[in-house]
Amino acid sequence: METTVEVKLTGHVRSAAGTHRTEFTFEGETLRAFLDAFFEAYDVRDLVIAEREADATTRGWARVERPPGTWRKNPEGEQTRPYARVLVNGVFNENLDGFDTRLEDGDRVALMKPFLFCL
């Protein structure tokens, strides 16, 4: 099954991909299938995805073993790098079904890694 989504890219991801918006068709119907195909077409995986838990946290942030309330955390290997986010139709993927979130034709997927400047 093929799915076509609208992809929006910001910051470092936008610069590396060379565009801020594209329509992308991939085999499958999950965010995981989209990400695998998109990262194969655009070399931006390392900007967005943290392979290890240690890569998902910025130094100096407090560790949270059990997020409060309804906060969810993706499993190791499916987390984003600090400041990077993956959204589906404006909702953080960890608040949906993580990488197993189902996508339909016309859904919007955003890959964000903003530029940060400190003086």
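Residues numbered from 1 in each chain as written. Predicted model: local features only at pLDDT ≥ 70, side-chain atom pairs only at ≥ 80, totals over all residues. Heavy atoms only, no water.

Student: Which residues make up the environment of Gly 28, and what are the values?
Tutor: In this structure, Gly 28 sits in the loop between strand 2 (21-27) and helix 2 (31-41). When its relative accessible area of 21% is taken as the criterion, Gly 28 is described as partly exposed. Sequence spacing of Gly 28 and Glu 2 is 26 residues, and the spatial spacing of their C-alpha atoms is 5.6 Å. Leaving out residues up to four positions away in the same chain, Gly 28 has contacts with Met 1, Glu 2, Thr 3 and Ala 33. (Helix = DSSP H or I, 4+ residues; strand = E, 2+ residues; numbered from the N terminus. Buried < 20%, exposed > 50% of the residue type's maximum accessible area, 1.4 Å probe, protein only. Contact = heavy atoms within 4.5 Å.)

Student: Outline the packing of aromatic side chains, supporting the account with residue identities and numerical values.
Tutor: Under the criterion given, the structure shown has 6 aromatic pairs. Arranged with centres 6.5 Å apart and planes meeting at 55 degrees, the rings of Phe 24 and Tyr 42 form a pair that is tilted. A residue pair is termed long-range when its members are at least 10 positions apart, and Phe 24 in strand 2 and Tyr 42 in the loop between helix 2 and helix 3 (45-48) qualify at 18 residues. Exposure remark for Phe 24: the relative accessible area of 11% places this residue in the buried category. Taken together through their ring pairs, the aromatic side chains of Phe 24, Phe 26, Phe 34, Phe 38 and Tyr 42 make up a single cluster. Positioned over the ring face of Phe 92 is Arg 85, at 3.6 Å from the centre of the ring. (Phe/Tyr/Trp six-rings, centres within 6.5 Å; stacked < 30°, edge-to-face > 60°. Lys NZ or Arg CZ within 6 Å of the ring centre and 35° of its normal.)

Student: Can you break down the pattern of salt bridges residue by residue, with the values?
Tutor: Taken as a whole, this structure holds 6 salt bridges when the rule is applied. We note a salt bridge from Glu 51 to Arg 45, for which the minimum N-O separation is 3.0 Å. Across the pair Arg 85 and Glu 94 runs a salt bridge, and its minimum N-O distance is 2.0 Å. Salt bridges sharing partners connect three or more residues here, namely Glu 6, Lys 8 and Arg 21. (Salt bridge = Lys/Arg side-chain N within 4 Å of Asp/Glu carboxyl O.)

Student: Go over the sheet that holds strand 6 (residues 91-92), please, and point to the residues and values.
Tutor: Strand order in the open sheet formed by 5 strands is 2-1-7-5-6, with mixed pairing between adjacent strands. A strand with exactly one partner marks an edge of an open sheet, and here the two such strands are strand 2 and strand 6. Two elements, strand 5 (residues 85-88) and strand 6, share 2 bridges in a ladder whose sense is antiparallel. Within strand 6, the residue paired with Leu 87 across the bridge is Phe 92. The sheet contacts of helix 2 involve strand 1 (2-10), strand 2, strand 5 and strand 7 (108-113), and relative to strand 2 the element is tilted by about 115 degrees. (Pairing = 2+ DSSP bridges. Axes fitted to C-alpha atoms, helices over the stretch in contact; angles between N-to-C directions.)

Student: Pulling in residues and values, what's your account of the environment of Asp 105?
Tutor: By the element assignment, Asp 105 lies in the loop between strand 6 and strand 7. Note on Asp 105: relative accessible area 56%, which makes it exposed. On a C-alpha basis, the gap between Asp 105 and Glu 6 in space is 8.6 Å, while along the polypeptide they are 99 residues apart. Residues in contact with Asp 105, not counting those within four places in the same chain, are Glu 2, Thr 3 and Thr 4. A distance of 2.7 Å separates a polar atom in the side chain of Asp 105 from the backbone nitrogen of Thr 4. (Polar contact = N/O pair within 3.5 Å; in protein donor to acceptor, adjacent residues only side chain to side chain.)

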